[in-house]
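What follows is each chain in one-letter form.
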Amino acid sequence: MSQLIMFRPPLPNTDRLWAVMAWQGRRSRIANVHATREAAQADCEWRSRQVHEYRHFLASEHKAPLRYDVRQIGRAELPRSWSPLPALGFLRGQSF
């Protein structure tokens, strides 16, 4: 029997983190967090490319495309039940 086990790496042990923010309309969510701005920027660019590649699908499904940007946050700003947002979660109906 196959079983899919989700792996979530531990958060960096710093007070300030770089967050990749996902925006859908006026709503936002922290998509992922990184210890460095460079890592967050690379993740942001990758997520943006994924959305760009599926833009025709999103338009046919009448879903607003996600926008991504990077900003610095404090560890305390993460909600208790936060988990990373899958880059292509919108294909499975996972949204905010």
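Residues numbered from 1 in each chain as written. Predicted model: local features only at pLDDT ≥ 70, side-chain atom pairs only at ≥ 80, totals over all residues. Heavy atoms only, no water.

Caption draft 1: Structural detail: the pairing of strand β2 (residues 27-34). One ladder, built from 7 bridges, connects strand β1 (residues 16-24) with β2; its direction is antiparallel. Looking across to β2, one finds that Gln 24 is bridged to Arg 27. Here β1 hands over to β2 after 2 residues, with Gly 25 in that stretch at a positive phi of 70°. (Pairing = 2+ DSSP bridges. Helix = DSSP H or I, 4+ residues; strand = E, 2+ residues; numbered from the N terminus.)

Caption draft 2: Broad picture of the environment of Asp 69. Here Asp 69 is to be found in strand β3 (residues 67-74). Note: C-alpha distance between Asp 69 and Glu 45 (24 residues apart in sequence) is 8.7 Å. Among all residues touching Asp 69, those that are not within four sequence positions of it are Ala 19, Val 20, Met 21, Trp 23 and Cys 44. For Asp 69, the side chain forms a polar contact with the side chain of Trp 23, separated by 3.2 Å. (Contact = heavy atoms within 4.5 Å. Polar contact = N/O pair within 3.5 Å; in protein donor to acceptor, adjacent residues only side chain to side chain.)

Caption draft 3: View of the nonpolar core. One finds Trp 18, Val 20, Ala 22, Ala 31, Ala 40, Cys 44, Val 51, Leu 58, Leu 66, Tyr 68, Val 70 and Leu 85 forming the largest nonpolar core, which totals 12 residues. Of all elements in the fold, only β1, α1 (37-53) and β3 reach the threshold of two or more residues within this core. One finds Met 21, Ile 30, Ile 73 and Trp 82 within the second-largest nonpolar core, a separate group that totals 8 residues. (Core = buried A, V, L, I, M, F, W, Y, C linked by side-chain atoms within 4.5 Å. Buried < 20%, exposed > 50% of the residue type's maximum accessible area, 1.4 Å probe, protein only.)

Caption draft 4: Molecular detail of the pattern of salt bridges. In this structure the tally under the stated criterion is 2 salt bridges. Arg 47 serves as the salt-bridge partner of Asp 43, at 3.0 Å between the closest nitrogen and oxygen. Of this pair, Asp 43 and Arg 47 both sit in helix α1, separated by 4 residues, roughly a single helical turn. Of the residues examined, Asp 43 reaches a relative accessible area of 12% and is grouped as buried. (Salt bridge = Lys/Arg side-chain N within 4 Å of Asp/Glu carboxyl O.)

Caption draft 5: View of the sheet that holds β1. Read from one edge of the open sheet, 3 strands run β2-β1-β3, paired in antiparallel fashion. The strands lining the two open edges of the sheet, one partner per strand, are β2 and β3. With strand direction ignored, the average angle separating the axes of adjacent strands in the sheet is 35°. Summarising the sheet, β1 and β3 pair through 8 bridges and their orientation is antiparallel. Across the sheet, residue Ala 22 finds its bridge partner in β3, namely Tyr 68. Along the sheet face, α1 touches β1, β2 and β3 and points at about 155° away from the line of β3. (Axes fitted to C-alpha atoms, helices over the stretch in contact; angles between N-to-C directions.)

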